[in-house]
Amino acid sequence: RTANICGAMATQTECLVPAQPQWQDTPAGEKPSFQKYRLEMFEKIKARRDAERANMPNDPIKVTLPDGNVKEGIKNKTTPFDIAMEISKGLASNAVVAKVNGQTWDLHRPLEGDAQLELCKFDSPEGRETFWHSSAHVLGLALENRFGAHLCVGPAIEDGFYYDVYAGGNTISPNDKGDIEKYVDEVVKGKFPFERVEMSKDEALEMFKYNDFKTDVLKRKVPDGAMCTAYRCGDLIDLCRGPHVPDTGRVKAFAVMKNSSAYWQGQASNHTLQRVYGVSFPDSKELKQHLFRLEEAKKRDHRNVGPHQELFFFHELSPGSAFWLPHGARIYNKLVDFIRSEYFKRGYQEVITPNVYNLKLWEISGHAAHYKENMFIFNVEGQEFGMKPMNCPGHCLMFSMRQRSFRELPWRVADFGVLHRNELSGALSGLTRVRRFQQDDAHIFCKPEDVQGEIEDMLKFIDFVYGKFGLQYEMFLSTRPQKFIGEVAMWDEAEKQLAAALNNTGKAWKENPEDGAFYGPKIDINVFDALGRKHQCATIQLDFQLPIRFGLKYVASAGADGADKEERPIIVHRAILGSVERFTAILIEHLAGKWPFWLSPRQVAIVPVSQDHYAYAYEVQQVLMKEGYHVDVDDSSKTLQKKIRENQLAQYNYILVVGKEEIESKTVNVRTRDNVVHGTKSIPQLLSELRQNVVDFK
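Reading the values: rules and limits
Residues numbered from 1 in each chain as written. Predicted model: local features only at pLDDT ≥ 70, side-chain atom pairs only at ≥ 80, totals over all residues. Heavy atoms only, no water. Helix = DSSP H or I, 4+ residues; strand = E, 2+ residues; numbered from the N terminus. Buried < 20%, exposed > 50% of the residue type's maximum accessible area, 1.4 Å probe, protein only. Contact = heavy atoms within 4.5 Å. Areas by Shrake-Rupley, 256 points an atom, 1.4 Å probe, with all protein chains shown as cover. Pairing = 2+ DSSP bridges. Axes fitted to C-alpha atoms, helices over the stretch in contact; angles between N-to-C directions. Salt bridge = Lys/Arg side-chain N within 4 Å of Asp/Glu carboxyl O. Patch = residues over 30% accessible without salt bridge, like charges linked within 9 Å, V, L, I, M, F, W, Y side chains within 5 Å. 1 Å grid on protein atoms, 1.4 Å probe; cavity = no way out; pocket = protein on both sides within 12 Å on 5 of 7 lines; lining within 4 Å. Points joined across faces, edges and corners; volume = space filled by probe spheres on them. Nonpolar A, V, L, I, M, F, W, Y, C, P; charged D, E, K, R; others polar. Expected span 1.5 Å × (residues − 1). Arc of directions from axis to C-beta.

J.: If you had to explain the overall build of the chain to someone new, which residues and values would you point to?
T.: If you tally the helices and strands in the chain, you get 21 helices and 34 strands. Counting only C-alpha atoms and orienting by the principal axes, one finds that the chain spans roughly 95 × 85 × 60 Å. Here the chain, with 698 residues, has 53% of them falling under the buried criterion. Pairs at least 24 apart in sequence give 70% of the contacts found in the chain among residues at least 6 apart. When the accessible surface of the chain is split by element, carbon and sulfur atoms take 49% of a total near 32800 Å².

J.: Describe unusual backbone geometry, and please don't skip the residues or the numbers.
T.: Pro 243 follows Gly 242 through a cis peptide bond whose omega is -5 degrees. When you line up the elements, Pro 243 lands in the loop between strand 11 (236–239) and strand 12 (253–263). At the junction of Leu 409 and Pro 410, the peptide bond is cis and its omega measures out at 0 degrees in the coordinates. Along the chain, the position of Pro 410 falls in the loop between helix 13 (392–399) and strand 20 (411–415). Phi angles above zero are rare outside glycine, and Asn 101 is one such case at about 50 degrees. Positioned with a positive phi, Ala 592 is a non-glycine residue whose angle comes to about 55 degrees. Looking at where Ala 592 falls in the secondary structure, it is placed in the loop between helix 17 (580–591) and strand 30 (604–608). Residue classification places Ala 592 among the partly exposed positions, given a relative accessible area of 26%.

J.: Hey, could you go over the sheet that holds strand 18 (residues 377–380) for me, with residue numbers and the actual values?
T.: Either a parallel or an antiparallel arrangement is found when strands of a sheet pair, and the pairing is made through backbone hydrogen bonds. Pairing within the open sheet is antiparallel, and its three strands lie in the order 17-19-18. The open sheet terminates on both sides in strands that have one partner only, identified here as strand 17 (356–358) and strand 18. Shown here is a sheet whose adjacent strand axes are inclined to one another by a mean of 40 degrees, direction ignored. Here strand 18 pairs with strand 19 (residues 383–387) via four bridges, running antiparallel. When the sheet's bridge partners are listed, Val 380 is paired in strand 19 with Gln 383.

J.: Explain the side chain of Ser 365 residue by residue, including any values.
T.: Here Ser 365 is to be found in helix 11 (residues 359–365). Note on Ser 365: relative accessible area 3%, which makes it buried. The residues touching Ser 365, leaving out its near neighbours within four places in the chain, are Pro 393, Leu 546, Arg 549 and Phe 550.

J.: I'd like to hear about the sheet that holds strand 1 (residues 60–64), residue by residue, with values.
T.: The five strands are arranged 2-1-5-3-4 in an open sheet whose pairing can be described as mixed. Every other strand in the sheet has two partners, leaving strand 2 (70–74) and strand 4 (103–105) as the edge strands with one partner each. This sheet shows a mean twist of 35 degrees between the axes of neighbouring strands, independent of strand direction. Sheet topology places strand 1 next to strand 5 (residues 115–120); two bridges connect them, and they run parallel. Paired with Thr 64 across the bridge in strand 5 is Gln 116. Across the face of the sheet, helix 4 (residues 125–147) comes into contact with strand 3 (97–100), strand 4 and strand 5 while running at roughly 125 degrees to strand 3.

J.: Can you lay out the pairing of strand 11 for me, pointing to particular residues and giving the numbers?
T.: Burial along strand 11 is two-sided: the face carrying Leu 236 and Asp 238 and the face carrying Ile 237 and Leu 239 are both buried. The sheet contact formed by strand 10 (residues 227–233) and strand 11 spans four bridges and is antiparallel. Paired with Tyr 231 across the strands is Asp 238, a residue of strand 11. Connecting the antiparallel pair strand 10 and strand 11 is a turn made up of two residues, with Gly 234 showing a positive phi of about 65 degrees.

J.: Tell me about the pattern of salt bridges, and please be specific about residues and values.
T.: In the structure shown here, the tally under the stated rule is 49 salt bridges. Note that Lys 299 and Glu 296 form a salt bridge whose closest N and O atoms lie 3.9 Å from each other. Highlighted residues: Lys 299 and Glu 296, both in helix 8 (residues 284–300), separated by three residues, approximately one helical turn. Measuring nitrogen to oxygen at the nearest pair gives 3.1 Å for the salt bridge that ties Glu 342 to Lys 345.

J.: Give a description of a nonpolar patch on the surface that names residues and reports values.
T.: On the surface, Val 356, Phe 378 and Val 380 cluster together into a nonpolar patch covering about 190 Å² of accessible area. Turning to its location among the elements, Val 380 is positioned in strand 18. We classify Val 380 as partly exposed; its relative accessible area is 31%.

J.: How would you sum up the layout of surface pockets? Please name residues and give values.
T.: Its boundaries defined by the atoms lining it, the second largest pocket holds a volume of some 1200 Å³. Among the elements that make up the lining of the second largest pocket, the one with the highest residue count is strand 29 (residues 570–579) (six residues). Tallied by class, the residues present in the lining of the second largest pocket amount to twelve nonpolar, 15 polar and ten charged.

J.: Pulling in residues and values, what's your account of helix 15 (residues 488–503)?
T.: Helical periodicity: at 3.6 residues per turn, an α-helix aligns residues three or four positions apart in one direction. A rise of 1.5 Å per residue sets the reference length of helix 15, with its 16 residues, at 22 Å; its end C-alpha atoms lie 22 Å apart and thus fit the reference within 8%. Within helix 15, burial applies to Trp 491, Ala 494, Glu 495, Gln 497, Leu 498, Ala 499, Ala 501 and Leu 502. Of the surrounding secondary structure, the elements contacted by the buried residues of helix 15 are helix 14 (451–468), strand 23 (472–478), strand 24 (509–512), strand 25 (522–528) and strand 26 (534–543).

J.: Which residues make up helix 5 (residues 177–189), and what are the values?
T.: For helix 5, which comprises 13 residues, the first-to-last C-alpha distance of 18 Å matches the rise-based estimate of 18 Å (1.5 Å per residue) to within 8%. Within helix 5, burial applies to Ile 180, Glu 181, Tyr 183, Val 184, Val 187 and Val 188. Take helix 5 and look down its axis: the buried residues cluster within an arc of 160 degrees, on one side only. Buried residues along helix 5 sit in contact with helix 4, strand 12 and strand 13 (272–281). A positive phi of about 45 degrees marks Lys 191, the residue just after helix 5.

Next up, the structure:
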């Protein structure tokens, strides 16, 4: 058995690190003393393992590539890199990691039998994670050499990696960025190979006896008698499951992003560590693009744009609950109205359900056992009640209020009810993680044979909605997990219908094997914003459990004997926007606060040339407002050019300048926020253009 001992630490209830961890200062310009002992021990263990491997059988093996091509190899000798070189030198130099029988694998690690082999580049999820995990080791060696740091954990994360280290009484500051990157450059230029070795728990405890944090991990996570793995690159040896890139020279572009403090195992009662974040790429061009995207993301951050445009704000007296100002409420309501207008066309019926329920409802649904800590619970006349965190149990009560017939199915109910979830204060983040929110939530109660048709309609609905915002997306089918409820045949049929529905879209999709919920398979949809960032929004989830828990039945068509029979429906949970709050945040950053006219909270600004033209400006405003548009008159004393420019920067879609000529001709001089002058237009001409913008979602 080889234990998993790398990556971010899970929360632990006990810390075995002494109150004062071991520490020895390293003189400037010298390497920490523990490196020499560690290297000597590594070399002895590796020599022994290499000798053992040399005596292993070298039987012929077959290596099957994704295209079905089969390569010949030798057991315990041929590596994925050898196979890559047979195909092309370019592939071998660009591959980052291999997948052997579905498991990520070092390119230079010998194959241990017949294998299905896939070679992954940086642009694959496996390649990126491996590259960034290896880069964390490069950073770790730099921190050892610069500070004599004791390494703790260094995982890959969504946008790079970090390393938590214990640095004695030293503090790593932003001023150390240049120094750290200099040490990183030395490691990269060394092109040190990543070498893997297996060792016993006792050997690992001896090798890392200088580091109380590593020994804590070993004592806690590695069972007695089990084996663990360590990797070497240059003078660094670290406990790690791997895999890694072939050598440190692959990390051609590296940047330290920021630093902070952290707690061992994530618990405030434990030791304070120094955390250094980094990001890396196979070439400098990609790093520059990444840094540009980060700068652009800062400009687009909804937490800055929202208050600046006076859309919303947060207050400490109601944490996690947005205060929607008038302009923000316009966007919020327009999004809800947009979805609501489609419901009628697509056969949905909107319902309204209570916000507060007796906890017994959540005991029936099963949420009380697994979700109670995330609910707002309070006592009412000696009984527990809670704010609803989701709508589905209430919709089940609605379905069960009377006997249902198969003729009523599919029964599509939608609900914009307010939801509350008791998120931890540290997890709250702008509009993307809140305590109070609304969803474009819907539940479809249907017969098993209706599933494919309903899913196809939902996927068309999703494509229609995302298309209006210029959002690209990807789709995943998550299938039956190891632990599930229901019959295998029912799951197989449901997954078959979901796959058929996905195929009928004509779009590419991927499968996430065994990633479905225990109560049904699902389709997850990720959207990509203008910066290429991924956001999970839409969900289509089949549910076999809730109909059982609530005893839901419908009267099916009569059987052969003429008698009515009862059947159990399937519930499909469906959201497109998801949380309206979160979707608004995505749109702000996707659009950089430049709202399309149909959704804009500031559609038209009228700029009179002077006070003599105020009356006409207000006259035009009234005409446009009666048509339902958001119109403001800028009657400030600023210069004309300054007023035009400020209204463009305020993201008014149209700026209408009115003066003596416009009054005489009953026209307006039209500009747009992109500083394009469209010239003089009559009011009817302008209204026609505005109406067309709304129709075309422009």
